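# Analysis of the macromolecular model
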Amino acid sequence: MSSIETLGPGLLERLPAAVRKPSYDRAALQPGMAHLGVGAFHRCHQAEYTDDLLSHRFDRWGIIGINIRPPTLADTLGRQGGLYTRLIRENDHVEARVIGSIVKVVDSQESAAPALDVLASPDIELVTMTVTEKGYCHIPSTGELDLDHPDIVHDLANPEAPRSVAGILARALEMRRAARGGKLTLLSCDNIPTNGIILENVVRSFAEWRGDGLAEWIAANAAFPSAMVDRIAPAVTRDDLGGVEQWFGYRDSAVAVGEPFRQWVIEQKFAGRMPRWDLAGATFVDDVTPFEHLKMRVLNGAQTTLATLGGLAGLEHTSDAIADPLLSVFVRRMLVEETLPTLMPVPGMEPSAYVEQSLGRLRNTAIRHRNHQIATDGSQKIVQRLLNPIRDRLSQGASIGLLSVPVAGWMAYLILASTRFGERWPVSDPYAGKIAAIADETGDDARALASAILAIDTIFEPGLAANAAFRAAVASALAKLLSDDPMAAVRHSLEQNGSRG
Ligand code: CS2
């Protein structure tokens, strides 16, 4: 192997001119916050905003990055002193920058103890997290803590050695109370609706169960703001790592790649001191809801639609799916005709311009976002992306013929992964086993399959599942999606739901 140098503090002063480096005194940076879930998204989003803020106004806001699930961090970010290259890519354009805001990483996959040490420390005033939708162990249709979840069952029995995010945070807060520690803001950066409320729900449920006034102490000493976060940052590939080596001549095993667009809207509800991310382009508001609906229903709704339908059509990436003329027409019409009318006014944003901007972002061919990656954990995503707008449409007495197709697409995607339907692809979704069992028992009658899946009330709220128009639209689309010509479902729905604009 060649003797290419690896990125680390020693290389900072010798980086090629094309790579921007932190403009503040990184060696002087002290930790003030912790982040749970140091994946590609965190490295392209919160850590970059923090890096921007530090160059603007240096303060004690270094990040301690913690992973409580794989992958481990010690051999990648850890070995590089927390430094990594963040690439912004758009078609042929590449912009590189080394981000310095992560000062330390902690692996806590085997036991919660290392994470708890950090979270309970008085230096830490804020905990941010990207732990994926399913990381909250909540019931998607209600937002309540899922008391049957194996990690929750475990943590309720072993509260001092927790495994779940909720269990770890409740324990950390308990340790802070015992140490007479300071107040803590806990900021979820995951794509679940009212993410602050859900986080607060799951932590409070734990604390109430623990008793001894912990829930009251948390209510007085912690804050759980909601936030809308946005930047497309797919899982990093070998090519991305190779690119840095080839273009810039050093090795970096913690590269992150994102698109140019980024947005962060944060509810102004803090327990104490907060990083002034508003100076770095984030927005602090009183109510995140309109922003969150816009983003989850338009951008994320389009992604899930293209991922499931594109996946069924054998297309690999979002950009391949949106380059398909039929899927491109479908997704725009679905958003404009059915999704937009469900949105509340968003200060400073024109919804149809937002749709065009979002579709433009999805066409970026340099962002290799795999349809299978986006389809992962679809059961945790479809409520906020598709089912909530469908529910709103039904309550307005309006059509849902287009939005129902990707719901059937999600069903077909998991059904076709079952043994009975030929294990078309490997899937990862907490409901994959349940849907495979339904497929095995029910066989290939689409109406019966749709009916059995719609009966899962932790995903489909019973009022919605009982709606005749919704049931018929899903069953009809599902029959076609399971046939040899899955795109017939898309063509048919476009014909049936004549354009009104
Ligand atoms: C994607 C999101 O994988 C997924 O579910 O839809 O990660 C999406 O790229 C981000 O929410 C964009 O901000």
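Quick summary incoming for the structure in this document. Every value quoted in this text rests on a predicted model; they were computed, and no experiment measured them. (Residues numbered from 1 in each chain as written. Predicted model: local features only at pLDDT ≥ 70, side-chain atom pairs only at ≥ 80, totals over all residues. Heavy atoms only, no water.)

### Topic: the side chain of threonine 128
For threonine 128, the location among the structural elements is in strand β7 (residues 126-129). Excluding residues that lie within four positions of it along the chain, threonine 128 makes contacts with Ala34, His35, Leu36, Leu187, Cys189 and Trp277. (Helix = DSSP H or I, 4+ residues; strand = E, 2+ residues; numbered from the N terminus. Contact = heavy atoms within 4.5 Å.)

### As for the site of the ligand
Not every one of the 13 residues close to the ligand is listed here, only the nearest: Asn191, Asp230, Lys295, Gln303 and Lys381. Between the ligand and aspartate 230, the relevant distance is 2.6 Å, taken from an oxygen atom to a side-chain nitrogen or oxygen of the residue. One nitrogen or oxygen atom from the side chain of arginine 385 is found 3.0 Å from an oxygen atom belonging to the ligand. Looking at the shell around the ligand, the elements that each hand over two or more residues are β10 (227-230) and α10 (289-312). With 4 residues, α10 is the single largest residue contributor to the shell around the ligand. Looking at the shell around the ligand, its residues break down into 4 nonpolar, 4 polar and 5 charged. Here the shell around the ligand spans two domains, since at least three of its residues come from each of domain 1 (9-285) and domain 2 (289-496). (Near = heavy atom within 4 Å. Polar contact = N/O pair within 3.5 Å; in protein donor to acceptor, adjacent residues only side chain to side chain. Nonpolar A, V, L, I, M, F, W, Y, C, P; charged D, E, K, R; others polar. Domains from an automatic or database assignment.)

### Concerning the sheet that holds strand β8 (residues 184-188)
In space, the 6 strands of this open sheet follow the order β6-β3-β2-β7-β8-β9, with parallel pairing throughout. Looking along the sheet, the strands with just one partner apiece sit at the ends: β6 (102-107) and β9 (222-223). Where β8 meets β9, 2 bridges bridge the pair, whose relative direction is parallel. When the sheet's bridge partners are listed, threonine 185 is paired in β9 with alanine 223. (Pairing = 2+ DSSP bridges.)

### With respect to the sheet that holds strand β12 (residues 263-267)
Note on sheets: strands pair through backbone hydrogen bonds, and any given pair is parallel or antiparallel. Here we have 3 strands laid out as an open sheet, ordered β10-β12-β13, and mixed in their pairing. Two strands bound the open sheet, and with one partner strand each, they are β10 and β13 (283-285). Along the sheet, successive strands turn relative to each other by an average axial angle of 20 degrees, direction set aside. Of the strands in this sheet, β10, β12 and β13 touch α10, which is tilted by about 35 degrees from β10. (Axes fitted to C-alpha atoms, helices over the stretch in contact; angles between N-to-C directions.)

### Examining the pairing of β12
The element β12 is largely enclosed, with a buried count of 5 among its 5 residues. Judged by which residues are buried, β12 turns out to be covered on both faces: Gln263, Val265 and Glu267 on one side and Trp264 and Ile266 on the other are all buried. Bridge count for β10 against β12 is 4 bridges, and the pairing is antiparallel. Within β12, the position partnered with aspartate 230 by the bridge is glutamine 263. Across 3 bridges, β12 lies against β13 in parallel orientation. Across the sheet, residue valine 265 finds its bridge partner in β13, namely threonine 283. (Buried < 20%, exposed > 50% of the residue type's maximum accessible area, 1.4 Å probe, protein only.)

### Things to note about the environment of isoleucine 139
The residue isoleucine 139 is located in the loop between β7 and α5 (150-157) in this model. For the pair isoleucine 139 and aspartate 457, spaced 318 residues apart in the sequence, the C-alpha separation amounts to 9.4 Å. Dropping the residues within four chain positions of it, isoleucine 139 is found in contact with Glu144, Leu145, Asp146 and Thr458.

### Quick notes on the packing of helix α6 (residues 165-178) against helix α8 (residues 214-221)
It is the contact of α6 with α8, at a shortest axis distance of 10 Å, that shows an interaxial angle of 85 degrees. The orientation of α6 with respect to α8, classified from their angle, is roughly perpendicular. Side by side, α6 and α8 meet where Ala170, Leu173, Glu174, Arg176 and Arg177 of the first sit next to Leu214, Trp217 and Ile218 of the second. Of the residues in the contact of α6 with α8, the class split is 5 nonpolar, no polar and 3 charged. (Parallel < 35°, antiparallel > 145°, perpendicular 65-115°, else oblique.)

### Things to note about the packing of aromatic side chains
Applying the stated criterion to the full structure yields 7 aromatic pairs. Note on tryptophan 247 and phenylalanine 248: the rings are 6.1 Å apart at their centroids and 70 degrees apart in plane angle, and the pair reads as edge-to-face. Each ring, one from tryptophan 264 and one from tryptophan 277, has its centre 4.3 Å from the other, and the planes form 40 degrees; the classification is tilted. In this pair, tryptophan 264 is assigned in strand β12 and tryptophan 277 in the loop between β12 and β13, connecting sequence segments 13 residues apart. The exposure class of tryptophan 264 is buried, given its relative accessible area of 0%. Connected via pairs of aromatic rings, a cluster forms that spans Tyr49, Trp264 and Trp277. The residue whose ring lies beneath arginine 43 is tyrosine 84, and the NZ or CZ to ring-centre distance is 6.0 Å. (Phe/Tyr/Trp six-rings, centres within 6.5 Å; stacked < 30°, edge-to-face > 60°. Lys NZ or Arg CZ within 6 Å of the ring centre and 35° of its normal.)

### Some words on the environment of glycine 301
Take glycine 301: it is sitting in helix α10. When the C-alpha atoms of glycine 301 and lysine 381 are compared, they prove to be 8.9 Å apart, with 80 residues separating the residues in sequence. In this structure glycine 301 touches Met296, Met334, Arg385 and Leu386, once residues within four positions along its chain are discounted.

### Description of the packing of helix α20 (residues 468-481) against helix α21 (residues 488-496)
The N-to-C vectors of α20 and α21 enclose an angle of 145 degrees; their axes lie 8 Å apart at closest approach. Between α20 and α21, the contacting residues are Ser476, Ala477, Lys480 and Leu481 on the first element and Ala488, Ala489 and His492 on the second. A per-class count over the contact of α20 with α21 returns 4 nonpolar, 2 polar and 1 charged.

### Points about unusual backbone geometry
Here the residue pair proline 70 and proline 71 is connected by a cis peptide bond, since its omega of 0 degrees sits within 30 degrees of zero. Unlike most non-glycine residues, threonine 194 shows phi in positive territory, near 45 degrees. Relative to the elements of secondary structure, threonine 194 occurs in the loop between β8 and α7 (195-210).

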